[in-house]
Amino acid sequence: MGQVGRRGVVLGGTALGAVGALGLVAPAEAWTWQPAGSIAGAGTGMDPRYLWDDECDALVARLFERGEVELVNELLADWTHNDEALPAGLPADLAAFLERNRQLPSWIDQAKLTQAFDFYERRGTYLGVLYGLGSGMMSCVIPREARAVYYSAGGADMKDRIAKTAKLGYDIGNRRAFGPGGQMVVTCLKTRLTHSAVRYLLPRSSHWKSGAEESLPISQADIMVTWHSLATFSRNKLVAWKIRMPAADSAAFLHLWQITAHFLGVKDEYIPASWDEANVQSRQVLDPILRPTPEGIKLADILLNLAAEYDKGLTKPVLNGFTRYTLGDQIADWLQIKRSPMDRMIKNSWPAFIRFKEGLVNLPLVPNLYWVLDEFLRLGVLFFLNEGRRIDITLPTGNNPN
Ligand code: HEM
């Protein structure tokens, strides 16, 4: 299918929610998003597809060359909270990097972060579904991400990888996410180091075909693509699902993700200052690139089968159905997700469930649906909290051996 057709189908299938109504222009080839629309308000305007994370990449390359990665992983395992001192014994250049980059940006707005926690408390269930089955499954049709995940070490143990990624999804919803007692600054910095390790390791993988399009994985643009698949997508879906979102909630949710992008090493000139600007950027970088790949199809299959470990496949139709409902038929078909009668049930019941939760209707839900949703949330907890084990984000030391 051609670009415009594919894009039309994806947006028409409400993959990107509210954006769909406006997104009828052909995707731009060149980077034209203006830094005037960013948090920084100005910038070089350089194409972020050709920018990575020079400082962190050079540092991590040195750690590999000096044979210090395992030591660093061991030492950093006990560094978990934003206000904790760095562990003793870290290589001096790493310690200096972490001290410098753990500082909060001048534009942080604590009042917005407090509001964001309140928003999470009220909307956490929806966000869990959207992050897990919306954004998580969407990553399988983001070709560069699917390939990077599939061929990196985490591709060989997707359960572990999900738990680690979910740690970020969990930490971001903490009352003090970026404050003292929270963990987001540390989680983001460890992720930033992990991304640099992937940039070091993946080009050495025999599977990794370097080409004109992508010599090095996880560019600044790639990170913003994933950012939109999480933040912009979820926000647009909440709007499309008609969930009440006062301006203060909307601004707070954006701010939480702006700070997250900053700590992941995205330059402020690429971080959108408003949802309008985010939608403009998302239409440019995310919508046109969505497509299936062999790696993404395999990842989707692995992901949707993980739950079977707990329930012998009982809830698989629910996971499939939610993915289809959240991302639309086009993406579900690309990922070869099987249809089942559950699809119709979810399609018919979820809006009613939302109206019920929002206090707009008093009708009792059918018992079946209660079961489906309860089971679904139970699974989420098992998955995302990794059966209560402590989750530690570590720098990979190799690629997927398979
Ligand atoms: C690792 C989050 C963007 C590829 C991680 C981890 C987190 C994370 C929390 C640590 C978990 C782990 O080690 O498995 C994010 C967020 C992003 C983002 C929040 C953007 C907002 C990207 C992009 C790519 C990517 C754009 C690829 C194009 C990877 C890979 C790993 C990783 C390959 C390591 C997997 C492994 O070998 O364990 N990311 N990521 N990430 N990320 Fe990202």
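Predicted, not measured: the structure shown is a model, and the values here were computed from it.

**Let's talk about unusual backbone geometry**
Logical step 1: Backbone geometry at Lys 242 places phi at a positive 60°, although glycine is not the residue there.
Logical step 2: Examined against the element boundaries, Lys 242 turns out to sit in the loop between helix H9 (220-240) and helix H10 (247-263).
Logical step 3: Judged by relative accessible area, Lys 242 falls into the exposed class, the value being 68%.
Logical step 4: With a phi angle near 55°, Gln 336 is a residue other than glycine that sits in the positive phi range.
Logical step 5: Within the secondary structure layout, Gln 336 lies in the loop between helix H15 (329-334) and helix H16 (341-357).

**Thoughts on H9**
Logical step 1: The terminal C-alpha atoms of H9, which comprises 21 residues, lie 28 Å apart, in line with the 30 Å expected from a rise of 1.5 Å per residue.
Logical step 2: The axis of H9 is deflected most strongly, by about 35°, at His 228.
Logical step 3: H9 sits mainly inside the fold: 17 of its 21 residues count as buried.
Logical step 4: Downstream of H9 by a residue or two, Lys 242 has a phi angle that is positive, lying close to 60°.

**Considering the site of the ligand**
Logical step 1: Surveying the vicinity of the ligand reveals 21 residues, the closest of which are Gly 154, Arg 161, His 195, Asp 222 and Thr 226.
Logical step 2: Here Ser 152 contributes a side-chain N or O atom positioned 3.2 Å from an oxygen atom of the ligand.
Logical step 3: The contact in question runs from a nitrogen atom of the ligand to an N or O atom on the side chain of His 195, over 3.0 Å.
Logical step 4: Elements supplying a minimum of two residues to the shell around the ligand: helix H6 (143-151), helix H7 (158-171), helix H8 (184-201) and H9.
Logical step 5: When its residues are assigned to classes, the shell around the ligand shows nine nonpolar, seven polar and five charged.

**Comments concerning empty space enclosed by the protein**
Logical step 1: For the structure shown, the criterion picks out two cavities of 30 Å³ or more.
Logical step 2: Approximately 70 Å³ is the volume found for the largest cavity.
Logical step 3: Around the largest cavity sit Ala 77, Trp 79, Thr 80, Lys 167, Gln 183, Val 186, Thr 187, Lys 190, Arg 390, Ile 391, Asp 392 and Ile 393, which together line it.
Logical step 4: Of all the elements, H8 adds the most residues to the lining of the largest cavity, at three residues.
Logical step 5: Split into classes, the residues belonging to the lining of the largest cavity amount to five nonpolar, three polar and four charged.
Logical step 6: Taken as a whole, the second largest cavity holds about 30 Å³ of empty space.

**Some details on the coordination of the iron atom of the ligand**
Logical step 1: Counting protein donors to the iron atom of the ligand gives just one, His 195 (NE2), placed at 2.2 Å.
Logical step 2: Relative to the helices and strands, His 195 is located in helix H8.

**Comments concerning the packing of aromatic side chains**
Logical step 1: Counted according to the given criterion, the structure contains 13 aromatic pairs.
Logical step 2: With centroids separated by 5.2 Å and ring planes inclined at 90°, the aromatic side chains of Tyr 150 and Tyr 151 adopt a geometry described as edge-to-face.
Logical step 3: Judged by its relative accessible area of 17%, Tyr 150 falls in the buried class.
Logical step 4: In this structure Tyr 151 comes out as buried when scored by relative accessible area, which is 8%.
Logical step 5: Among the aromatic residues, those joined into a ring-pair cluster are Tyr 126, Trp 241, Phe 322, Tyr 325 and Trp 350.
Logical step 6: Between the NZ or CZ atom of Arg 204 and the centre of the ring of Tyr 200, over which it lies, the distance is 3.9 Å.

The rules we used
Residues numbered from 1 in each chain as written. Predicted model: local features only at pLDDT ≥ 70, side-chain atom pairs only at ≥ 80, totals over all residues. Heavy atoms only, no water. Helix = DSSP H or I, 4+ residues; strand = E, 2+ residues; numbered from the N terminus. Buried < 20%, exposed > 50% of the residue type's maximum accessible area, 1.4 Å probe, protein only. Expected span 1.5 Å × (residues − 1). Bend = angle between axes of the 7 residues up to and from the residue. Near = heavy atom within 4 Å. Polar contact = N/O pair within 3.5 Å; in protein donor to acceptor, adjacent residues only side chain to side chain. Nonpolar A, V, L, I, M, F, W, Y, C, P; charged D, E, K, R; others polar. 1 Å grid on protein atoms, 1.4 Å probe; cavity = no way out; pocket = protein on both sides within 12 Å on 5 of 7 lines; lining within 4 Å. Points joined across faces, edges and corners; volume = space filled by probe spheres on them. Donors = N, O, S within 2.8 Å, 3.2 Å for Na, K, Ca; no water. Phe/Tyr/Trp six-rings, centres within 6.5 Å; stacked < 30°, edge-to-face > 60°. Lys NZ or Arg CZ within 6 Å of the ring centre and 35° of its normal.

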